[in-house]
Amino acid sequence: MKMTEIRIPDLGDFDAVVVVEVHVVDGQEVKENDPIITLETEKAAMDVTAIHKGSILSVSVKSGDRVSTGDVVAQLSDASSLLGEATNQPDKAYDLAVIGAGPGGYTAAFRAADLGLRVALIDKNNVLGGVCLNVGCIPSKAFLHAAKVIDDSKEASLAGIDFKSPVISLEKMKNWKNSVVDGLSKGLKGLAQQRKVECFQGQAEFKSDQTIEISLENDRQEIQFSNAIIAVGSEPASLDFLPDDPRVIDSTGALEPKEIPKTILIIGGGIIGLEMATIYSALGSKVTIIELLDQLMPGTDKDLVKPLEQQLEKKCEAIYKSSKVIAAEANENGISVVLEIDDQQQQQIFDQVLVAIGRQANGNKIKAKDIGVDVNDNGTISIDGQMRTNCRNIFAIGDVVGDPMLAHKASHEGKIAAEVIAGQKSVMDIRCIPSVAYTDPEVAWVGLTENQCKNQNIDYKKGIFPWSASGRALTIARNEGLTKLLFDPKTKRVIGGGIVGTNAGDLISEIALAIEMDCDVSDIALTIHPHPTLSETVALAAEVFDGTVTDLYLKN
Ligand SMILES: Cc1cc2nc3c(=O)[nH]c(=O)nc-3n(C[C@H](O)[C@H](O)[C@H](O)COP(=O)(O)OP(=O)(O)OC[C@H]3O[C@@H](n4cnc5c(N)ncnc54)[C@H](O)[C@@H]3O)c2cc1C
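In what follows, the accompanying structure is described. Just so you know, these numbers come straight off a predicted model, no measurement behind them.

Before going further, it helps to examine the site of the ligand. Contacts to the ligand come from 37 residues, most closely from Gly100, Gly102, Gly130, Gly233 and Gly398. Tallied by class, residues from the shell around the ligand come to 18 nonpolar, 15 polar and 4 charged.

Next up on the list: the environment of Ile289. Its location among the elements puts Ile289 in strand E18 (residues 286-290). Residue classification places Ile289 among the buried residues on the basis of 28 C-beta atoms within 10 Å. As a C-alpha pair, Ile289 and Glu317 span 28 residues in sequence and 8.4 Å in three-dimensional space. For Ile289, the contacting residues outside a window of four places in its chain are Ile266, Gly269, Gly273, Ala277, Cys316 and Ile319.

Looking now at the pairing of strand E12 (residues 203-208). Both E12 and strand E13 (residues 211-216) contribute to a ladder of 5 bridges, which runs antiparallel. Bridging across to E13, Phe206 finds its partner in Ile212. Hairpin connection between E12 and E13: a loop of 2 residues separates the two successive antiparallel strands.

Moving on, we come to helix H8 (residues 407-421). If you check H8, its first and last C-alpha atoms are 21 Å apart, about what 15 residues at 1.5 Å a residue would give, namely 21 Å. Directly beyond the C-terminal end of H8, a positive phi value near 100 degrees is found at Gly423.

Now for unusual backbone geometry. The residue after Asp403, namely Pro404, is reached through a cis peptide bond having omega -10 degrees. Assignment of secondary structure puts Pro404 in the loop between strand E25 (394-396) and H8. For the bond from His531 to Pro532, the omega torsion is -5 degrees, close enough to zero to count as cis. With respect to the helices, strands and loops of the structure, Pro532 is situated in the loop between helix H12 (521-525) and helix H13 (536-546). Phi angles above zero are rare outside glycine, and Asp342 is one such case at about 50 degrees. In this fold, Asp342 is placed in the loop between strand E21 (334-341) and strand E22 (344-350). Asp342 gets classed as exposed once you count the C-beta atoms within 10 Å, which come to 9. At Asn503, a position not held by glycine, the phi torsion is positive, near 65 degrees.

Calculation rules
Residues numbered from 1 in each chain as written. Predicted model: local features only at pLDDT ≥ 70, side-chain atom pairs only at ≥ 80, totals over all residues. Near = placed C-beta within 6 Å. Nonpolar A, V, L, I, M, F, W, Y, C, P; charged D, E, K, R; others polar. Helix = DSSP H or I, 4+ residues; strand = E, 2+ residues; numbered from the N terminus. Buried ≥ 20, exposed ≤ 12 C-beta atoms within 10 Å, placed from the backbone. Contact = placed C-beta atoms within 7 Å. Pairing = 2+ DSSP bridges. Expected span 1.5 Å × (residues − 1).

What follows is the structure, given as structure tokens:
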């Protein structure tokens, strides 16, 4: 008979904690979350609970014993044995199987292992890290760093330093980017090994609500689980009418360029499209951006996007808004496209076309529907505040549960799902998730935006500090930015904020913390920020709202 060990979860700073009560005896039937033992630390009492239903095979502790993180307290018949001895019984059983090893999946797997669960982590790729590490956040930021060095060297002439035009070795740049990715990837592998998380490579599909089939080429194996987390992420959305040609690429192709195209059309003016425009324009391509809606980064407050748009206008060949591509064909000179701009059609030819029109969740690719999980037509999976799907032992996290499709959201959700499965009372109880475009200038926002306040009739007042009055912004010759805080006019609490400018992505964390901690205007304005820094602009925006700012003159 297979069995599950119930272990002491992560006790943080506590060690050798006293068992004050044992609630079960050998042979007793228990349900999921039934208490097995109660522990008492100096601070609180805590139950260690059953991970799933089953019968207690043996209890390893008695009242008065002292236990530490990871100690086995009882053995529980495995969920599989509840089904009787099925034919073709899989030989591997886990407390938790995680499908997808992106930032959501590996975080969930690691947290669950830290809490004493036996964990399987499955990915079709032979490396951990998912989209974020391998073809998303990290490689794009490596290229964006290279782009910034190139752009900064041009701007240095303002300060009297003239560099020659850079000589770009694309191969060396790619090798450097890959070395960053490889280093992090090896780190993840080591972290999985240290935690004894068992990693499987292969395409995973549900066979039942307790079995997953993993296939890699002609090999197939099944593993059994008590709980599963679906963390299969998303993939780039495509346009059916574009030709199947190596010169038509998505973000993955754009981050592994074979050459620097002389001309490139970027379809989609969202964050990924604009980050790519920043990279390719710095590398020397003539970049054209086409966006269906009437602004770049649709949905983002216009005042935050404007300084970025002004910079991109200088760097790009053309930016078309309220426009679309309606046809395309591949020929020997490039990809010939028909653009519809201001209701007029025009034909243009590009060396490459990059499609960045959004991402599609992968929920429909793992046979989750077949076992009763609610999967929407667009591939997203519905969950509750504890990341649980409509099936009790199946959870979903990250891009596959929908917007915002961001790595830090995925990993936060991963931790919650793991903790819930380990019997903790965790829940997604957050005020805000920051968003960042790592363009030049960067654009970042968190909490409510002005657009959301207006659309949802939420009363707000704002304080804006223009970076043209920031000493630090002037010394780095990047004074086009602004910092904006939104306040509840009654309580004067911070409800949102946005920053456009150099390092906005780092600066936004202070506003996120302010929202999380319920700070009001004086908490921020009275916090002494170091001078001269860009972070000062957050305090100065609060002062603007408060009417106390001395770095500007505000007319009453
Ligand atoms: C170019 C680009 C830049 C980005 N930049 C940022 C950024 O700067 N900041 C940010 O927060 N976000 C960024 N993102 C988004 C971020 O990458 C995703 O939000 C994040 O990776 C989602 O994590 P996840 O764990 O949900 O899934 P993913 O990272 O998508 O991982 C899912 C994993 O599941 C595996 N998988 C899928 N199906 C199966 C199956 N059937 N069997 C086995 N394995 C399977 C996949 O191989 C993959 O490894 C970027 C994305 C792109 C494309």
